[in-house]
Structure formats: C-alpha cells, structure tokens
Amino acid sequence: MRLLPLFLLLLAGAAARASDDPFLSGAANHSYNIDCGGAADFTSTFGRLWLADQFFSSGGAAGMVAEPHRFPQPQERTLRFFPPSSVGKSSCYSLPLPPGRYYLRIFSVYDNYDSKARTPSFDVSAAATLVLSFRSPWPEPAARYGAYSDLIFPSATQPASDVCFYSLSTDAPVVASIEVAPVHPLAYDGATTGADLVLVNYGRVTCGNSLFGPGFTKDPDAFARVWQADVDFKNNDRTYDAITAGGRKIFGSNQPPNYFPTKLYESAVTTGGDASNEIEYLMPVDTRLSYMVWLHFAEIDAGIGAAGQRVFDVMLAGENVTRIDIFKQVGGFTAFKWTYVVENLTSSTLSVNLVPVVGRPILCGLENYAMVPLEMRTVPSQVAAMKALKESLKIPARMGWNGDPCAPRAWDAWEGVTCHRGDKGLVITQLDLASQGLKGFITDEISHLKDLVSLNLSYNSLTGSLPPGLGQPSLVSLDLSSNEFTGSIPGTIGSSKLQTALLNNNQLDGQVPERLYSIGLHGGVIDLSGNKGLCGVPTLPACALFWEKGGLNKTGKIALGASFGFVLLVILIVVYILCIRRGPYDYDFEFPQDLTCKYAFSINFSPSAYLQMNIICDLNLLKFHHMP
C-alpha cells in the first residue's frame, strides 16, 4: 500500500480552545500527545501537554531535523529513528488504551537528519494491521517539511495497543510525533464498521477555505480533525467560485457522533464560467481497497429559498450514484452529510464529480477513507506466553520482538518465530532461536503455546531446569542441545508426535523418562550424550538402587522411612530405660554440663543415596548416683 501525505505542514500561530480539543483531555481520558525523540515533557503554545516518548517507545535513537528553524512547534523538530541493525525489523510504541475507537495522527519528517540525503522506506501498523506505507523517495515537500497521516482504529482487547514501524531492507523508520484521542463509538458508521475496519484518511478537505483545526489554528473540531485546503485535490482545469455564509448561523453542525465543525459549512465552492461546468476532485486511492466517501453540503446562498432550485448529480469513479437537492433535504443554512462506499476501483485516482441538473452544484467539504480490514491477531494467551519468553530468554533488541508476534502477516517481524492461522486467531508453530547468545531460562509459560511444532534453542547459554510445560502434545522436534540446563528431565516430555529430542551437552541428571527414550525405539532421533548425571537407559550408567527420575523411588522412600522409624525406636527404648523403668537399685544419671555429645544426621539425595547418623558421647564424664 502506498499512501501520499495527507496534509502538509501549514501552521498558524493562534491557540486552540481547551474545551474544543480532545487532545487536551489528558491521560485520564486516554488522550496522548507524544513527542518522539523528545527529552522532556512540555506544554505547547496551543495548550497541549506533550510527553517525552521514553515510556512509550521500544528503543531506537533520538534525532533532530537538519534545519529546526523550519518547524515552529518543538514536537516537529525532534524525531526517533529505528536502525534495524540494533532494534530489528519491528519497533513499536505501546499506548495504554482500553477497548474502544481512537483517532490516531502521526507526523513523519526526514529533513536530512542523518546527512544521507535519502528518505527511508518503511511500513506502519495500528491494531496489528498494516495501515501506512512510506516509500523512498518521498515527495519533496513531505521530506523537507514533514507530512501528517491520520486514521481511526479500534484498540486491542489487551491493556495496550501498539503502533509499530517496520523497516524495509536496511532503512530506519522515522517518526516525529504521535497523537491519539478517543472518538465516539458510532462515528463514521461505527455501528457496522467499528470493530472490523481501520479507516485511513486518503484526503480530508475544506472547500473554499484554508487549512484549519485544533492544534493548527484557533478553529475548533471536537473530533480533533484537521481540514486541509482543497488546492491539492481540485481539478484545476475547471473553473470554480468560492462562496460564504456571510456570517449567517449554520444549523445541524457539531453534532454527535461525528461532530463535523461549523466552520466546515460556512464556506463552499461552486462552478464558475459556463453553467454546465462541473465540480471535480481527484483523490489518490489504492485499487485493492474500498473507500468510504463523505460529502458535506450546506445551502449557504440566500438566493436559494425552495426545493428544486439547486439540483445536481454525484458521480464517483464515473458512476452516477445519487441526486442531491440540499434545500429539499434540510432547508437553508443547515449542514447536510452524505456518505457512500466505493468498491472495485480500477484506477489509482478516484474522481468525485458534481454534475449540474438545475443551477450550479455546491460543495463544502470532502472526506475519503480507505476501509482497511482489521487483520487477524495472535491468540491472546500466546501473546502473553511470547512476552513472558521474551523476558525469561532475555531476547536481544536486535531480534525485533515488539508488538504482535504474528501480525501483520506480511512482515514476520519477530525473528525466529513462525506462525499459522488457527481457529481463534494466529498461533505460533515454530521457534528457532539457535545460536543467538541467549542467557536466560525457559519459563513454564511456554505451556500456553499449544500449537508449537518445533522448538530449537540450541547453542545458547540457557540455564535452569526444564519446565514441565515443554511437554506439548503438538511438539514434533525439540532441540535444547549445547546449553547449561540442570536438574532432571520432566516426565511430561515425550508426546506421541515427538520425533526428535536433542538434549545433549547440558548438565542434566536423574533417570531418563521411559516415554522420552522410547522415541529412539520407534524410529525417532534422541541424543542425551554429554549429561554426566543422566542414567537408567542403554548407553547411560545404571541408576542407583533407590534412584528414579531425579529422586528417590518407592523402594528408596520405604528404606528412608524405615531408617527414621528405627532411629525413633532406639530413642524411645533409651528414654524408657533411663527415665521410666527404674527399680530400687537403679542408678540416677546426672549429666554434667561439660559432657560433650555430638550428633550428626544427614541424608544425601543423589544416585548413591545414603543415610548416616552418629552419636558420640564422652562416657567417662558420666556420674552414677545409687538410689536407696
């Protein structure tokens, strides 16, 4: 997908009103303004709190545009870039958003920050769905002054949603700012599209007016949208006239769920010259997608006072889709919205034509949104398991384990991870992390990877014991060779599907489970060499008499219990003789304070288990007193 910049940097100096700017509502309302690459928080001239990105970003490096004087706002001068050599193919910003719909705006700028004079190529995802693509070379205005892109997306069901950047080849993705704010759940036909689609802005224009919107001018938009001047989208081979409402009040604007601003309907364009002339706008599109087109009208000409005085047809991509009579629909000086979904496009330019029927057509504004289907995500339990493995295995940043492990499918951004489509989402089927210099351990959370077929962690420096969770019924190949694992082999390892088990060159001990060893007996491959403590199967030493599967067997436990019983019996007999059964000629024993007795009692749990108890007393110090 190739996206053109949605509107170029055109800033005005007036401040926005707090009550009209959703981005001023703050984190309590899940609204964030993130200064990418910024070192400290600050408040802008528009009253917005901008946050340094250190608590949102997964890494990368901070930079600054080559010529900061071009950018009046601080958040546009700093940037963050993500060299794939150090952070991998995927780098993400994690946004703490509860389930809902959100408006996301990204400012991207290059301005030769790295002195290489070459803009990078990269992709951007939201809600684990590929939504933006930047391809080198960028248009010169976008590269030099920056460009804004925005979209509406449903957040993840997890506590946070990720906005991720994917490196193409060796290019470093770059971003200058990220803004996010909640929107009405029914906005832009959210009742039917909210949960399944990302709406990506391919053009939002105000007709007969200049750019306006909160954070850019004093003009409010309760949705936080910025409306771009239409100069880059009009077919300038035609002639147009601009008209205004002349200060008359516009009714029906700024209403939920879309909150289209009143200023949008206070100006419009109509045709100039010949009365048969048309209004035509040319919108860039990707033919693989469908588009939600919104047209905004208001009859702001006081000379039109009845239905039938201004009638025109709307043609989209050459197809006549409706006939509009604004006054008949809503009367004069009242906002009127109309939307239509365009599908099966064959051209990279969508033509929007207003063709006169009676009088001249009129248009106040135009929006065009790509309807990007939400991609399937990784099963939540497996996402949690992979994040736990990322911590326990101490996965280095260069492997790019950020965002969703499996989505978007086009990238496979998590190095060493292979996924497939499952019944309830994407699932992890293979982990190949051999020779990555890992120094952690395997968490038992790996048990949640219910579809894991192959696991290869060989030739690392992993320590600790093997968790029972490794015994996945789906596992076919297990290679943990040449690490530093200790302890016994869990009896859970050895499913009917397991065909290869390489545990050689570790520090494992105890008896090898029969179900694991039977792999080799049924044509599979098993290697247990290089573990001095393993025993109990051919080619390995026999286990001690009382030893089985890493601990005492049943016989050993009986012997241990009998030993304790014998010691207890001896103690009871001594107590009985010395303290209870005394006759008239018995002696009373008085133990002097300097009598020395030493007790030694130990149990050594090892294949050569033994039980030892020593009682040593200096009997020469005992004094006997005859009892009359």
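Residues numbered from 1 in each chain as written. Predicted model: local features only at pLDDT ≥ 70, side-chain atom pairs only at ≥ 80, totals over all residues. Heavy atoms only, no water.

- Within an unreviewed UniProt entry, the label attached to the protein chain reads Malectin-like domain-containing protein, and the organism entered is Panicum virgatum.
- According to the UniProt record, the Subcellular location (unreviewed entry) comment for the protein chain is "Membrane". (UniProt positions renumbered as here; feature names shortened; annotations may be inferred.)

### Quick notes on the state of the cysteines
Phase 1: A complete count under the given rule lists 3 disulfides for this structure.
Phase 2: Two residues share a disulfide in this structure: C92 and C164, whose sulfurs sit 2.1 Å from each other. Here the disulfide of C92 and C164 is right-handed, its torsion about the S-S bond being about 105°. Taken together, the residues C92 in strand β7 (residues 90–95) and C164 in strand β12 (residues 161–167) connect sequence positions 72 residues apart. Both residues of the pair, C92 and C164, belong to the buried class.
Phase 3: Between the sulfur atoms of C406 and its disulfide mate C419 the distance is 2.0 Å. Handedness here is read from the sign of the S-S torsion; for C406 and C419, about -75°, the answer is left-handed. Here C419 lies in strand β27 (residues 417–421) and C406 lies in the loop between α5 (380–392) and β27, a separation of 13 residues in the sequence. Each member of the pair C406 and C419 is classed as buried.
Phase 4: No disulfide involves C207; its nearest neighbouring cysteine sulfur is the one of C364, lying 7.3 Å away. (Disulfide = S-S within 2.5 Å. Helix = DSSP H or I, 4+ residues; strand = E, 2+ residues; numbered from the N terminus. Buried < 20%, exposed > 50% of the residue type's maximum accessible area, 1.4 Å probe, protein only.)

### Considering the packing of aromatic side chains
Phase 1: Under the criterion given, the structure shown has 27 aromatic pairs.
Phase 2: Relative to Y113, the ring of F81 has its centre 5.1 Å away and its plane inclined at 40°; by these criteria the two rings are tilted. Of this pair, F81 sits in strand β6 (residues 78–81) while Y113 sits in the loop between β8 (101–108) and β9 (122–126), and the two are 32 residues apart along the sequence. A single burial state applies to F81 and to Y113, both of which are buried.
Phase 3: Plain terms: the ring middles of F260 and W294 are 5.7 Å apart, the flat faces sit at 50° to each other, and that makes the pair tilted. Pair noted here: F260 is in the loop between β17 (240–244) and β18 (267–271) and W294 is in strand β20 (residues 290–298), with a separation of 34 residues, a long-range link. Of the two residues, F260 and W294, both sit in the buried class. (Phe/Tyr/Trp six-rings, centres within 6.5 Å; stacked < 30°, edge-to-face > 60°.)

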